[in-house]
Amino acid sequence: DIQMTQSPSSLSASVGDRVTITCRASQNINRYLNWYQQKPGKAPKFLIFAASTLQSGVPSRFSGSGSGTDFTLTISNLQPEDFATYYCQQSYSSPPMYTFGQGTKLEIK
Amino acid sequence: QVQLQEAGPGLMKPSETLSLTCNVSGGSISNYYWSWIRQPPGKGLEWIGYIYYSGSTHYNPSLKSRVTISVDPSKNQFSLNLTSVTAADTAVYYCARIIWQQLVIAFDIWGLGTMVTVSS
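Residues numbered from 1 in each chain as written. Chains lettered and ligands numbered in written order. Predicted model: local features only at pLDDT ≥ 70, side-chain atom pairs only at ≥ 80, totals over all residues. Heavy atoms only, no water.

**Student:** Would you explain the pairing of strand β7 (residues 67-72) of chain B in this entry?
**Tutor:** The side chains of a regular strand alternate, residue by residue, between the two faces of the sheet. All names here are of chain B. Relative to strand β8 (residues 77-82), β7 is paired through six bridges, and the arrangement is antiparallel. In the sheet register, Asp 72 faces β8, and the bridge partner there is Gln 77. The hairpin turn running from β7 into β8, its antiparallel successor, is four residues long, and Asn 76 in that turn takes a positive phi close to 55 degrees. (Pairing = 2+ DSSP bridges. Helix = DSSP H or I, 4+ residues; strand = E, 2+ residues; numbered from the N terminus.)

Following this line, the structure appears as structure tokens:
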């Protein structure tokens, strides 16, 4: 199975900061990597497709990059509504076995 | 817009069979893949399996022996059965729609989730 490892596991930042979350795959997954945001008690929200394509309605302060094994999610000019847990998810495995990272909790400093 | 809503028992006893249904509204279940994903309390997300509207399925190997996902296009619903549940199956269960573009698969629309607790 392809393992996804996110770092850091938690992160404290202030409104207006720029933060970067990293997701590393245990093998090459090309750009088959998506990002989600989850707030407490809510379902995950789909943010970024195929490593870097922002979904409709997602603010442009969110960006994704990477390919192969290393990926990043960057949030510029943090807003209060951005404090949440972020998950990466790969879809490269064949036969299908879609795995998520363990999550990165972004907290207010 | 498409909305998903899970329905299930809430509380179960060990060894019982979990049955959940996901109702799709605001759009057709046809021509899409649909999935179940779960999240134990305080933990991360685990993909359970998917089904195409025509009925073809694929499951997480770690759950495959206990999982069945089915679809009823006439009701715009799909369902999850998980047999022989234990406390380890306690989780919020989400249904989700799959989008599949350029071989990349993502879960673009999620239900609100339903908490299932397994306890004697």
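**Student:** Got a minute to help me understand the environment of B:Ala7 in this structure?
**Tutor:** Residue and element names in this part refer to chain B. Topologically, Ala 7 is positioned in strand β1 (residues 3-7). Among the residues examined, Ala 7 registers a relative accessible area of 44% and is labelled partly exposed. Dropping the residues within four chain positions of it, Ala 7 is found in contact with Ser 19, Leu 20 and Thr 21. (Buried < 20%, exposed > 50% of the residue type's maximum accessible area, 1.4 Å probe, protein only. Contact = heavy atoms within 4.5 Å.)

**Student:** Could you clarify how one ought to interpret the environment of B:Asn23 in this entry?
**Tutor:** Mapped onto the elements, B:Asn23 comes out in strand β3 (residues 18-25). Spatially, the C-alpha atom of B:Asn23 lies 9.1 Å from that of B:Cys95, the residues being 72 residues apart in sequence.

**Student:** Please explain the pairing of strand β5 (residues 46-52) of chain B as it appears in this structure.
**Tutor:** Residues and elements named next belong to chain B. Judged by how many residues are buried, β5 sits mostly within the fold: five of seven residues are covered. Note: strand β4 (residues 33-39) against β5, six bridges, orientation antiparallel. The partner of Trp 36 across the bridge, within β5, is Gly 49. Between β4 and the antiparallel strand that follows it, β5, lie six residues; Gly 42 among them carries a positive phi value of about 75 degrees. As paired strands, β5 and strand β6 (residues 57-59) are joined by three bridges and run antiparallel to one another. By the bridge assignment, Gly 49 is partnered in β6 with Tyr 59.

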